[in-house]
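What follows is each chain in one-letter form.
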Amino acid sequence: MAAQSRGGVTTLGRVALPGGFALMATLMLLAGVFEASVLFDILWVAAFALGSLIGRIRGWMLTLQSNKDAGLVSLPATVDGLIAAIILVVLSVIDFVSAMLGDALITPGYVAAASALCAGFLGYRVLVIALRVVRPTPNKVSNAV
């Protein structure tokens with residue numbers, strides 16, 4: 001995400017990498033929730049849905065240019081994705097330290113929900129960017145008189 005936060009031209013595959021890693025990290029953190037309850041299930045699903053909605057909106061708000069033939073996309077400099085990625089790393093460190101200490105610093109259900117929020121944001125942000133890059137643009141029809 002650091003490279004994307006600076007903006008510039010990159011490939012669509014490199015744009016998709018952080019979102020994919022975020023989803024994998026969230027699944028790993030979610031797998032660490034051993035004392036699952038209905039409350040935590042609702043919490044992480046709601047957090048993922050909220051993050052997805054925010055990521056979708058943010059993906060549509062970004063101004064980007066694409067070269068479909070070369071498979072390149074030009075992104076503006078933004079810090080939103082970097083902040084979400086840093087939060088996800090911090091949550092992973094909290095989970096790791098909790099496992100090493102044998103005592104949860106933060107309840108694992110809350111860690112999983114917060115990571116689901118970040119993964120939903122990053123995943124849907126990338127999905128919208130990819131859709132905007134690969135979808136065909138409508139041909140402009142001129143009105144000939």
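Now for a description of the structure that goes with this document. Remember, it's a predicted structure, so these values are computed and weren't measured experimentally.

Criteria and cut-off values
- Residues numbered from 1 in each chain as written.
- Predicted model: local features only at pLDDT ≥ 70, side-chain atom pairs only at ≥ 80, totals over all residues.
- Heavy atoms only, no water.
- Patch = residues over 30% accessible without salt bridge, like charges linked within 9 Å, V, L, I, M, F, W, Y side chains within 5 Å.
- Areas by Shrake-Rupley, 256 points an atom, 1.4 Å probe, with all protein chains shown as cover.
- Salt bridge = Lys/Arg side-chain N within 4 Å of Asp/Glu carboxyl O.
- Helix = DSSP H or I, 4+ residues; strand = E, 2+ residues; numbered from the N terminus.
- 1 Å grid on protein atoms, 1.4 Å probe; cavity = no way out; pocket = protein on both sides within 12 Å on 5 of 7 lines; lining within 4 Å.
- Points joined across faces, edges and corners; volume = space filled by probe spheres on them.
- Pairing = 2+ DSSP bridges.
- Axes fitted to C-alpha atoms, helices over the stretch in contact; angles between N-to-C directions.
- Contact = heavy atoms within 4.5 Å.
- Parallel < 35°, antiparallel > 145°, perpendicular 65-115°, else oblique.
- Left-handed = near helix turned anticlockwise from the far one by under 90°.
- Nonpolar A, V, L, I, M, F, W, Y, C, P; charged D, E, K, R; others polar.
- Buried < 20%, exposed > 50% of the residue type's maximum accessible area, 1.4 Å probe, protein only.

A separate point is a nonpolar patch on the surface. A surface patch of nonpolar side chains, about 1,000 Å² in accessible area, is lined by Leu39, Val89, Val93, Phe96, Val97, Met100, Leu101, Leu105, Ile106 and Tyr110. Sorting elements by how many residues they give to the nonpolar patch places helix 4 (residues 80-101) first, with six residues.

So, about the layout of surface pockets. One number sums up the size of the second largest pocket: a volume of about 200 Å³. Forming the walls of the second largest pocket are 13 residues, and the residues nearest its centre are Ala3, Gln4, Thr10, Arg14 and Val15. Among the elements of the structure, helix 1 (2-5), strand 1 (8-11) and helix 2 (12-31) are those that each provide at least two residues to the lining of the second largest pocket. Here the element with the most residues in the lining of the second largest pocket is helix 2; it accounts for four residues.

Read from one edge of the open sheet, three strands run 1-3-2, paired in antiparallel fashion. Sheet topology places strand 1 and strand 2 (65-67) at the edges, where each strand pairs with a single neighbour. Here the average twist between neighbouring strands, direction ignored, is 25°. Sheet topology note: the strand 1/strand 3 (residues 72-75) ladder contains four bridges and is antiparallel. Bridging from a neighbouring strand, Val9 pairs with Ser74 of strand 3. Across the sheet, helix 2 lies against strand 1 and strand 3, angled at about 85° from strand 1, the strand it touches most.

Glancing now at the packing of helix 3 (residues 38-61) against helix 5 (residues 108-134). As a packed pair, helix 3 and helix 5 sit with axes 6 Å apart at the nearest point and diverge in direction by 30°. It follows from the interaxial angle that helix 3 and helix 5 lie roughly parallel. The chirality of how helix 3 crosses helix 5 is right-handed. Here the residues of the contact of helix 3 with helix 5 are counted per class, giving 17 nonpolar, six polar and four charged.

A few words on the environment of Phe96. Within the secondary structure, Phe96 is located in helix 4. Residue Phe96 is classed as exposed on the basis of its relative accessible area of 54%. Spatially, the C-alpha atom of Phe96 lies 9.6 Å from that of Leu29, the residues being 67 residues apart in sequence.

Function cannot be read off these values alone, since they describe shape.
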